[in-house]
Amino acid sequence: MNQQFELFEIANPCIGLCQSNKKGYCFGCLRSRTERQRWHDMTTEQQREVLRLIAGRKLRIEQIRQRKDEQLGFDFEEIPEIGELF
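Student: In this structure, what is going on with the packing of aromatic side chains? I would like to understand it.
Tutor: To describe a pair of aromatic rings, you give the distance between the ring centres and the angle between the ring planes. What the rule picks out here adds up to zero aromatic pairs. Directly above the ring of Trp39 sits Arg31, whose terminal nitrogen or CZ lies 5.4 Å from the centroid.

Student: How should I be thinking about the state of the cysteines in this particular structure?
Tutor: The term disulfide refers to a covalent linkage connecting the sulfur atoms of a pair of cysteines. One pass over the full model with this rule turns up zero disulfides. Summary of cysteine pairing: Cys26 is not part of a disulfide, and the nearest cysteine sulfur, belonging to Cys29, is at 3.9 Å.

Student: In this structure, what is going on with unusual backbone geometry? I would like to understand it.
Tutor: Glycine aside, a negative phi is what most residues show, and trans is what most peptide bonds show. Despite not being glycine, Leu30 has its phi angle at roughly 65°, a positive value. Inspection of the secondary structure assignment puts Leu30 in the segment before helix 1 (33-38). With relative accessibility at 12%, the residue Leu30 sits in the buried group.

Reading guide: rules and limits
Residues numbered from 1 in each chain as written. Predicted model: local features only at pLDDT ≥ 70, side-chain atom pairs only at ≥ 80, totals over all residues. Heavy atoms only, no water. Phe/Tyr/Trp six-rings, centres within 6.5 Å; stacked < 30°, edge-to-face > 60°. Lys NZ or Arg CZ within 6 Å of the ring centre and 35° of its normal. Disulfide = S-S within 2.5 Å. Helix = DSSP H or I, 4+ residues; strand = E, 2+ residues; numbered from the N terminus. Buried < 20%, exposed > 50% of the residue type's maximum accessible area, 1.4 Å probe, protein only.

If you want it as structure tokens, here you go:
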């Protein structure tokens, strides 16, 4: 397989919001504790794989948020029609 020469290194996905959930995933960059600790030691391919995993995590979070919004079913911008009482 041909190896492509990398001109630029892959930027660290850290956004400076470094807080982890109970499972060790960062709220800011969505990387696991291990992914954060080993980022600079990873090969370019490993870093690309982490970025792919981050994209999947973002998608799942958005899907969960969307389902929660659908379950609520309230549109506070919409004014309900109220019929006359008498």
